[in-house]
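Report on the structure
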Amino acid sequence: MAHVAARPPERVDDHAPPVGKIVTACRCETCPTASRGPDGRGRGCRMSVFLHRLGGMLGRYAAFVVVAWLLVLGTVVGLSMVLGDDYDDSFSIPGTQSQEGQDIILDRFDQSGTTATVVFTATNGKVTDSANAKAVKQVASAINAVRGVSMSNPLGPPPGQSAPILSSDKTATLGTASFADVDPSEETLDAVLEAGRPTGSARSAITTSVGGDAYNASDPPSRIPELIGLGISFVILAVTFASLVAAGMPILSGLVGVGVTISSLVVISNVVTVNSSSPNLAEMLGLAVGIDYALFLLSRYRRQLADPGIEPVVAMSRAMATAGSAVVFAGTTVIIALTGLAVARIPVLTVMGLAAAAAVAVAVLAALTLVPSIALLLGERLRPRRRTRPDKPAADERPPKKRTKQKRTKEKVLLRARWVHLVTAHPVLTIVPVVGFLLVLAIPALRIELALPDNSTAPVNTPQRQTYDVITETFGEGYNAPLSVTAGVITSSNPTQTVNDLAKGLRQLPGVVAVPQATPNESGDTALLQVIPTAGQNAPSTAELVTELRDNSSALEKKYGVTDILVTGPTATNIDVSDRLAGALLPFAAIVIGLSLLLLMIVFRSVAVPLKATLGYLLSVGAALGVVVAVFQWGWLGIPGLTEGPIVSFLPIFLMGVLFGLAMDYEMFLVSAMREEYVHSGDPRDAIYTGFRASAPVVTAAALIMTSVFTTFVPDGSNTIQPIAFGLAVGVFVDAFVVRMTLVPAVLMLLGHRAWWLPAWLDARIPEVDVEGAAMHRKVEYEDWEKTHGTTALVARDLVVRAGATPVHLEAPPTRVTHLPVPEDVEPVELAQVLVGRQRPSGGELVVGGLLLPEQGGAVQTAAAYVEVGRPGDDERPVSDQVEERARLSVSSRRRRTEFVARGTALAEDLQRSAAVVDGHPGPLGRAATTAAVVEAALAVAGGAGLLVLIEEGPESNVPAGTAEAMAQELSRQGTTAVLLRPDAWRRQRLAAAAGRTAAEQPEEAST
């Protein structure tokens, strides 16, 4: 008689997400998914289950984790102090003409270091007058005497120049000081500045100004603004948590994470190329996301801890499974976006993106390990003094759907409830003004001018800016942006004359002011010319001149008998970088937008939510770019200390990458609460109100903290950091408060049920991501159920194999035989595959050996297997040979293979003996089928399966009836759980066949 277990009690939370796809896994003994934990249950769980276990483990090793973080921090800080930094701000863009030309100059002209420009101006008369010329020579000699620096008398003229560079009125001249190093030390730069000051009689004859590429570094920024930002963050956290101890934990976590990241970058800079902007960006992002991620986790932990009956370790485990999963997802999106900056194929930008991604990764790791450990060490001190308000608002707090004449209650209606009611009361009246406002903010972005920063954007009190202004005023702006042109002259019989002819031809080109330098190298195979454009580096005419020189290079080569004309130098390099960034912007945008749609569709199981979120993200990016252009390019606000001019070339792509990750953070934390409520209640209006009330405080605090952190990097930042920090601050503020907390509720209210619609065919094809800890809730509920009902090997509830089929309910005790009648509309093989995790069911819930499906499907496939009793097989070879043959395919280690074969053979022989005692006389085909079932069952159990599903022999099988039952009983005696599937249709056919045989035998006996 079949045994069907009583159904487990209904879950408290009956709105779990639909069953997802089962991950196919190998069942061989050496497969990673076959590993089992100390409790005998398989690993391979989803993120939320893993983080739930991590929370429990941190409870046991909290002190060890904190000490480990301190040791890591101390080690990298110590190494960074010993080694010091070795940042390199040189640009290299492989695959461009400018880089190829730079390599030729380095190889054939030995110009490996950087240069400084010195302007000599006569106080009276011409600079070429004898007294003034003597003063110029004296200063040039003093600079040349500095160690690691060489400089010739600019009136000499220097080698390679046919005449000195003089201003139009001949009152000034230009000289070049060459450094041996690409990045000279501060001592060397200061020594050149000191030597460049006229002394003695020269002081009254000339004035000097020293600047140029060597002086493009800025002074170390002040830490006072950052401290102010941290103070603001602490105040916001103290108000949010109503606890000074809790408020300090996210800041501590952020500082530790940033300390580890920055110190690591300092150490790494001694091994690989790291530019000086990377640590600033890493610090800015690491501090912002580090505080935010710790805030998300700690707020969920305190919400769990508000229940007086819950222990801190349990509360942390549940917070890790819910908020921790969200932190992992959020951090992963930011990391993907930042590493995606490599699509531009510019090493400097790639390094900046990787450094910032490393800071985010460390912040995620700190939020998931350091913060929980400190919180658990503090124990009860983080428990809220009074119980927090529940997530679901009271009826009087929830905004009414229709106005009534009821008297106002004295209950306090929270501001967030008033706000969400206001913006959703008439969705269209919210959507149209908000979208219009953001589009207006984005209008200036249409006029954006992109360029890499040069000395024209340096602070006015710096040597490089002062020298730039003097050169512009005295010689013309083009002398600040010289172009270097290389050409091969190896085929020329007179290289010097060929170079002079080429220089003469270049002077005649429109847009060229002068060609002051033209010389071949010592071996006479390569020429180097300096071309002065009419305007500066960022002027369109300069870019047009570079393009014209490159486009006409073939004609120039043919005309002057040279080869391989290349346009290079810092100006050409910056132009190439800007062009490559502009070309990479659309592909990067396509990657980010596509990734946004895919990730959000996976998370929210919706079409409208990803589209809405992506459009909101684009509006935020447009608004941020528009405000940056208005402030930094047009100078509308006129804020002292802000650099005005073209926007740094990589700002748009960097802003898109970072804002993408941050926007997805706020979207996920806000909308996931709404989705959770919608799945539970089915009421889209109530889901918006409840979800907004539950998540708005944390999102508000996180956005304010991130905005304040970014803003503090603006006043004292470099001309590269200032617009990036300002743009991120504006983008975060707009995205959080205008888009996510105003536009999103209105759009969801307008769409209603359609906001959560996803086609069934698409839902079946995209994977599931458990960012809200649904798997953890199910596992906790199952473990609670198991405490009262005892341990079970398999629990199935409302399990639907195929849409429209009869649900199956089953409870299988461990090491017992459980009989399960199979409904007529269910295929036995399909049911068996579902029970062992090899096929996705249409619905219902399934737990096998404490492993959740589909979350732990890989582990289930190693812990369970099914066997068709009666399937044709091989009866000619002994079972030991068949077991050994199969072992060679699945077990690589000889020792383990020997053990596997011995264990499998012994079990197969036991099963074969148990099947032999069944009343029946099978023929050869029947013996072969029995052998096949025996071998399959033995291999599965020997490979670690603790549960075996046996499909009973069919009515037309050559195997005697009762063979599957005998095998199941033998498996049970040896400690394996057996589930015997008995199809009702097969049982009736057997009974009918048996009745027919009995009726046929009776007449035969009578006649006898």
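Residues numbered from 1 in each chain as written. Predicted model: local features only at pLDDT ≥ 70, side-chain atom pairs only at ≥ 80, totals over all residues. Heavy atoms only, no water.

Take the overall build of the chain next. The secondary structure content of the chain amounts to 31 helices and 18 strands. Looking at the chain residue by residue over its 1008 residues, the buried ones come to 55%. Contacts in the chain between residues at least 24 apart in sequence constitute 79% of all its contacts with a sequence separation of at least 6. Accessible surface, the chain as shown: approximately 44400 Å² in total, 57% of it carbon and sulfur. (Helix = DSSP H or I, 4+ residues; strand = E, 2+ residues; numbered from the N terminus. Buried < 20%, exposed > 50% of the residue type's maximum accessible area, 1.4 Å probe, protein only. Contact = heavy atoms within 4.5 Å. Areas by Shrake-Rupley, 256 points an atom, 1.4 Å probe, with all protein chains shown as cover.)

A cluster of like negative charges, contributed by Asp-85, Asp-86, Asp-89, Asp-181, Asp-183, Glu-186, Glu-187 and Asp-190, occupies part of the molecular surface. Looking at where Asp-190 falls in the secondary structure, it is placed in helix α5 (residues 186–195). (Patch = residues over 30% accessible without salt bridge, like charges linked within 9 Å, V, L, I, M, F, W, Y side chains within 5 Å. Salt bridge = Lys/Arg side-chain N within 4 Å of Asp/Glu carboxyl O. Lys, Arg positive; Asp, Glu negative; His and termini not counted. Charge placed at Lys NZ, Arg CZ, Asp CG, Glu CD.)

The next thing to look at is the environment of Lys-504. With respect to the helices, strands and loops of the structure, Lys-504 is situated in helix α15 (residues 495–507). Once the C-alpha coordinates of Lys-504 and Ala-514 are considered, the two residues, ten residues apart in sequence, prove to be 9.4 Å apart.

Enumeration over the complete set of coordinates arrives at six aromatic pairs. Residues Phe-475 and Tyr-479 carry aromatic rings whose centres are separated by 5.7 Å and whose planes lie at 50° to one another, so their mutual orientation is tilted. Of the two residues, Phe-475 and Tyr-479, neither departs from the other in class, the shared state being buried. Ring geometry for Trp-634 versus Trp-636: centroids 5.2 Å apart, planes at 45°, classification tilted. (Phe/Tyr/Trp six-rings, centres within 6.5 Å; stacked < 30°, edge-to-face > 60°.)

Our next topic: the pairing of strand β3 (residues 172–179). The element β3 is largely enclosed, with a buried count of six among its eight residues. Here strand β1 (residues 115–122) runs beside β3; their pairing, made up of seven bridges, is antiparallel. Note on β3: the bridge partner recorded for Phe-120 is Thr-173. As judged from the three bridges shared by strand β2 (residues 149–151) and β3, these two strands associate in the antiparallel manner. By the bridge assignment for β3, Met-151 is matched with Ala-177. (Pairing = 2+ DSSP bridges.)

For the rest of this paragraph, the subject is the sheet that holds strand β12 (residues 808–812). Judged by pairing direction, the sheet is antiparallel, and its four strands sit side by side in the order β12-β11-β14-β15 without closing on themselves. Looking at which strands have only one partner, the edges of the open sheet turn out to be β12 and β15 (851–852). As defined by bridge partners, strand β14 (residues 843–848) adjoins β15 across two bridges and the pair is classed as antiparallel. By the bridge assignment for β15, Val-848 is matched with Leu-851. Of the strands in this sheet, β11 (794–800), β12 and β14 are in contact with helix α25 (residues 828–835), which crosses β11 at around 125°. (Axes fitted to C-alpha atoms, helices over the stretch in contact; angles between N-to-C directions.)

Topologically, Ala-177 is positioned in strand β3. It is 8.7 Å that separates the C-alpha atoms of Ala-177 and Thr-114, two residues lying 63 residues apart in sequence. The contacts of Ala-177, once residues within four sequence positions are left out, are Thr-114, Thr-115, Ala-116, Ile-143, Val-149, Ser-150 and Met-151.

Here we take up the sheet that holds strand β4 (residues 206–211). With respect to topology, four strands assemble into an open sheet ordered β2-β3-β1-β4, the strand pairing being antiparallel. Lying at the two open borders of the sheet, with one neighbouring strand each, are β2 and β4. Between one strand axis and the next, the sheet turns through 25° on average, direction left out of account. Set on the sheet, helix α4 (residues 130–144) makes contact with β1, β2, β3 and β4; between it and β2 the angle comes to about 160°.

Let's shift gears to a nonpolar patch on the surface. A cluster of nonpolar side chains, Phe-234, Val-235, Val-239 and Leu-244, forms an exposed patch at the surface whose accessible area comes to about 400 Å². Counting residues per element, the nonpolar patch draws most heavily on helix α7 (residues 224–241), which supplies three residues. Relative to the assigned elements, Val-239 resides in helix α7.

Mapped onto the elements, Arg-675 comes out in helix α20 (residues 651–681). In terms of polar contacts, Arg-675 uses its side chain to reach the backbone carbonyl oxygen of Phe-604, at 3.3 Å. Apart from residues no more than four positions distant in its own chain, Arg-675 is found in contact with Val-603, Phe-604, Arg-605 and Trp-756. (Polar contact = N/O pair within 3.5 Å; in protein donor to acceptor, adjacent residues only side chain to side chain.)

On to the packing of helix α10 (residues 312–339) against helix α11 (residues 347–378), then. Between α10 and α11, the shortest axis-to-axis distance is 9 Å and the interhelical angle comes to 175°. Here α11 runs roughly antiparallel to α10, going by the angle between their axes. Contacts between α10 and α11 involve Pro-312, Val-313, Met-316, Met-320, Gly-324, Val-327, Val-328, Gly-331, Val-334, Ile-335, Leu-338 and Thr-339 from the first element and Gly-353, Leu-354, Ala-356, Ala-357, Val-360, Ala-361, Val-364, Ala-367, Leu-368, Pro-372, Ala-375 and Leu-376 from the second. (Parallel < 35°, antiparallel > 145°, perpendicular 65-115°, else oblique.)

With 167 residues, the main nonpolar core has Tyr-293, Tyr-301, Leu-338 and Phe-710 as its most contacted residues. Both domains that meet at this core, namely domain 2 (223–382) and domain 3 (416–446 + 576–758), each give it at least three residues. Sequence-distant contacts of Leu-338, that is, excluding residues within four places in its chain, are made with Leu-285, Gly-353, Ala-356, Ala-357, Val-360, Phe-654 and Val-658. By size, the runner-up hydrophobic cluster in this structure holds 31 residues, among which are Leu-911, Ala-945, Ala-964 and Met-967. (Core = buried A, V, L, I, M, F, W, Y, C linked by side-chain atoms within 4.5 Å. Domains from an automatic or database assignment.)

It is worth spelling out unusual backbone geometry at this point. If you check the backbone angles, Ala-242 has positive phi at about 55° while not being a glycine. Along the chain, the position of Ala-242 falls in the loop between α7 and α8 (244–268). Exposure remark for Ala-242: the relative accessible area of 70% places this residue in the exposed category.

The subject of this paragraph is helix α1 (residues 47–60). Counting along an α-helix, one turn takes 3.6 residues, and residues three or four places apart therefore face a common direction. When the terminal C-alpha atoms of α1 are compared, their 20 Å separation across 14 residues agrees well with the 20 Å that a helix rising 1.5 Å per residue should span. All buried positions along α1 are accounted for by Ser-48, Val-49, Leu-51, His-52, Leu-54, Gly-55, Gly-56 and Leu-58. (Expected span 1.5 Å × (residues − 1).)

On to the confidence of the model for the chain. Here the chain averages 81 in pLDDT, while 85% of its residues score no lower than 70. Within the chain, the element-level pLDDT minimum falls on helix α31 (residues 984–1007), averaging 52, and the maximum on helix α13 (residues 427–442), averaging 95. Contacts from residues 387–412, a stretch scored under 50 in pLDDT, to residues over four places away or in other chains number 32 contacts. (pLDDT = per-residue confidence, 0-100.)

For the structure on display, the rule yields 13 salt bridges. Among the salt bridges present, the one from Glu-380 reaches Arg-383, with a minimum N-O distance of 2.5 Å. When salt bridges with common partners are traced through the structure, they connect Lys-612, Glu-667, Asp-735 and Arg-740 into a single cluster.

To continue, consider the packing of α7 against helix α9 (residues 277–305). How two helices pack is summed up by the angle between their axes together with the distance between the axes. With their axes 12 Å apart at the nearest point, α7 and α9 run at an angle of 10° to one another. Considered as vectors, α7 and α9 are oriented roughly parallel to each other. Contact residues: α7 offers Glu-226, Leu-230, Ser-233, Leu-237, Thr-240 and Phe-241, while α9 offers Glu-283, Leu-287, Ile-291, Leu-295, Leu-298, Ser-299 and Arg-302. Of the residues contributing to the contact of α7 with α9, the split by class is seven nonpolar, three polar and three charged. (Nonpolar A, V, L, I, M, F, W, Y, C, P; charged D, E, K, R; others polar.)

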